[in-house]
Amino acid sequence: VLTDLARPADAEVHLRRAIEILTREIGATHSKVAEARAALGRSLADTGLYDDAAEQFDQAQELAARSVPLETGIAMRTRYFRGLLFLHKDAPEKAEPLLAQIVAFQDAPSAADLRAQTASAPEVDRTGPVRQALGETYSREGKIDAAIIALQRAVAISERAEGANHPGTQSTRLSLAECLVAEGRDADARAGLATPTMNLAALPAVHPIAAQLGRVNGLLAQHEGNVEQARMSFGDSLAILQALYGSRHWRVIRARQEVERAA
């Protein structure tokens, strides 16, 4: 929950405590310890401690390989979190194969058939966040068409799995809107944000999704020639991102450049 609320430092405290308790109670090599280490790695990545995050992912991956098949949720989640780490580091070329592998496994007919045979009820596809990350990776690589396709699929899957108003779904719609605006498809971007209306009231004011919304609004205002609104929206996005990631993160640098261009 703290991770979802963009409070990774607070999440880190609980996750370290969880690892300590789990290790004492069920052993250091248990799959639940691998899961906790993967989650800790994600929190460390969100706070900019990239080397520490990679170390946790390495340990989680090693533990998962010992105790569970590579196709299980724990192993897949570790790959997903490592992909997010590479996105933080602005290394989309390293994120892409990890994220694409998870999506390919989910979409493989043989894997889908096997899951259907072993599950008592139809399995819900919960790869929306992975597909969102893959779409953002494609976007960062300049593969906008591939990004839009991946993000459209991510939106549809997230809506089915979590609902249209879930923060994760709204974040994915904003990622899609960013790509649509980049292609000059402002009307499509506006339509995606209007149905349902974007509502971030349940989230803290300083949150990555709020920064996304500010950027999208800034880009749309800029295309309309509304310089003042663009500058305000870009400025809001910059303030949030800087509070979350400091001054050297690539998203912060991009946001600062967009504020300067709108001035």
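Residues numbered from 1 in each chain as written. Predicted model: local features only at pLDDT ≥ 70, side-chain atom pairs only at ≥ 80, totals over all residues. Heavy atoms only, no water.

### Observations concerning the pattern of salt bridges
- The full count for this structure, using the stated rule, is 19 salt bridges.
- When the shortest N-O distance is used, the salt bridge between Glu 141 and Lys 143 registers 3.6 Å.
- Residue Lys 143 is classed as partly exposed on the basis of its relative accessible area, which comes to 36%.
- Close ionic contact of Glu 178 with Arg 215 constitutes a salt bridge, the shortest N to O distance being 2.8 Å. One end of the pair, Glu 178, is in helix H9 (residues 167-182); the other, Arg 215, is in helix H11 (residues 208-224), and 37 residues separate them in sequence. When sorted by exposure, Glu 178 lands in the same class as Arg 215, which is buried.
- Beyond isolated ion pairs, a larger network of salt bridges with shared partners links Asp 107, Asp 125, Arg 131 and Arg 153. (Salt bridge = Lys/Arg side-chain N within 4 Å of Asp/Glu carboxyl O. Buried < 20%, exposed > 50% of the residue type's maximum accessible area, 1.4 Å probe, protein only. Helix = DSSP H or I, 4+ residues; strand = E, 2+ residues; numbered from the N terminus.)

### Observations regarding the packing of aromatic side chains
- Applying the stated criterion across every chain yields a total of one aromatic pair.
- A centroid spacing of 5.4 Å and a plane angle of 40 degrees characterise the contact between Tyr 80 and Phe 81, whose relative ring orientation is tilted.
- Taking the relative accessible area as the measure of exposure, Phe 81 reaches 7% and is therefore buried. (Phe/Tyr/Trp six-rings, centres within 6.5 Å; stacked < 30°, edge-to-face > 60°.)

### Regarding the confidence of the model for the chain
- Per-chain confidence: the chain averages 92 in pLDDT, with 93% of residues scoring 70 or above.
- Of all the helices and strands in the chain, helix H6 (residues 109-118) carries the lowest mean pLDDT, 58, while helix H7 (residues 128-140) carries the highest, 98. (pLDDT = per-residue confidence, 0-100.)

### Observations regarding helix H13 (residues 250-262)
- Along its 13 residues, H13 runs 18 Å from first to last C-alpha, staying within 8% of the 18 Å computed at 1.5 Å per residue.
- Listed as buried for H13 are Trp 250, Val 252, Arg 254, Ala 255, Glu 258, Val 259 and Ala 262.
- Summarising the contacts, the buried residues of H13 are in contact with helix H4 (73-88), H7, H9, H11 and helix H12 (227-245). (Expected span 1.5 Å × (residues − 1). Contact = heavy atoms within 4.5 Å.)

### Quick word on H7
- Relative to the 18 Å expected for 13 residues at 1.5 Å per residue, H7 spans 18 Å between its end C-alpha atoms, a close match to the ideal helical length.
- Across the 13 residues that make up H7, a large majority, ten, are buried.
- Where H7 is concerned, the buried positions are Gly 128, Val 130, Arg 131, Gln 132, Ala 133, Leu 134, Gly 135, Glu 136, Thr 137 and Tyr 138.
- Buried-residue contacts for H7 involve H4, helix H5 (92-107), helix H8 (144-162), H9, H11 and H13.
- Looking one or two residues past H7, Gly 142 carries a phi angle of roughly 85 degrees, positive in sign.

### What to know about the environment of Ala 230
- Along the chain, Ala 230 falls in helix H12.
- For Ala 230, a relative accessible area of 1% corresponds to the buried category.
- Between the alpha carbons of Ala 230 and Leu 174 there is a distance of 16 Å; along the sequence they are 56 residues apart.
- With sequence-adjacent residues up to four places away left out, Ala 230 is seen in contact with Gly 218, Ala 221, Gln 222 and Ala 262.

### Digging into the layout of surface pockets
- Roughly 280 Å³ of internal volume is contained in the second largest pocket.
- What lines the second largest pocket is a set of 15 residues, among which Ser 139, Glu 178, Cys 179, Arg 215 and Arg 254 lie closest to the centre.
- Only H7, H8, H9, H11 and H13 provide two or more residues apiece to the lining of the second largest pocket.
- Tallying contributions element by element places H9 first for the lining of the second largest pocket, with five residues.
- When grouped by side-chain class, the residues that make up the lining of the second largest pocket number seven nonpolar, two polar and six charged. (1 Å grid on protein atoms, 1.4 Å probe; cavity = no way out; pocket = protein on both sides within 12 Å on 5 of 7 lines; lining within 4 Å. Points joined across faces, edges and corners; volume = space filled by probe spheres on them. Nonpolar A, V, L, I, M, F, W, Y, C, P; charged D, E, K, R; others polar.)

### Re the side chain of Ser 233
- Positionally, Ser 233 belongs in helix H12.
- The class of Ser 233 is buried, set by a relative accessible area of 5%.

### Things to note about unusual backbone geometry
- Residues Thr 195 and Pro 196 are joined by a peptide bond in cis, for which omega reads -10 degrees.
- Among the secondary structure elements, Pro 196 is positioned in the loop between helix H10 (186-194) and H11.
- Phi is positive for Ala 6, close to 60 degrees, though the residue is something other than glycine.
- Checked against the element boundaries, Ala 6 lands in the segment before helix H1 (8-26).
- A positive phi angle, close to 55 degrees, is found at Asp 90, a residue other than glycine.

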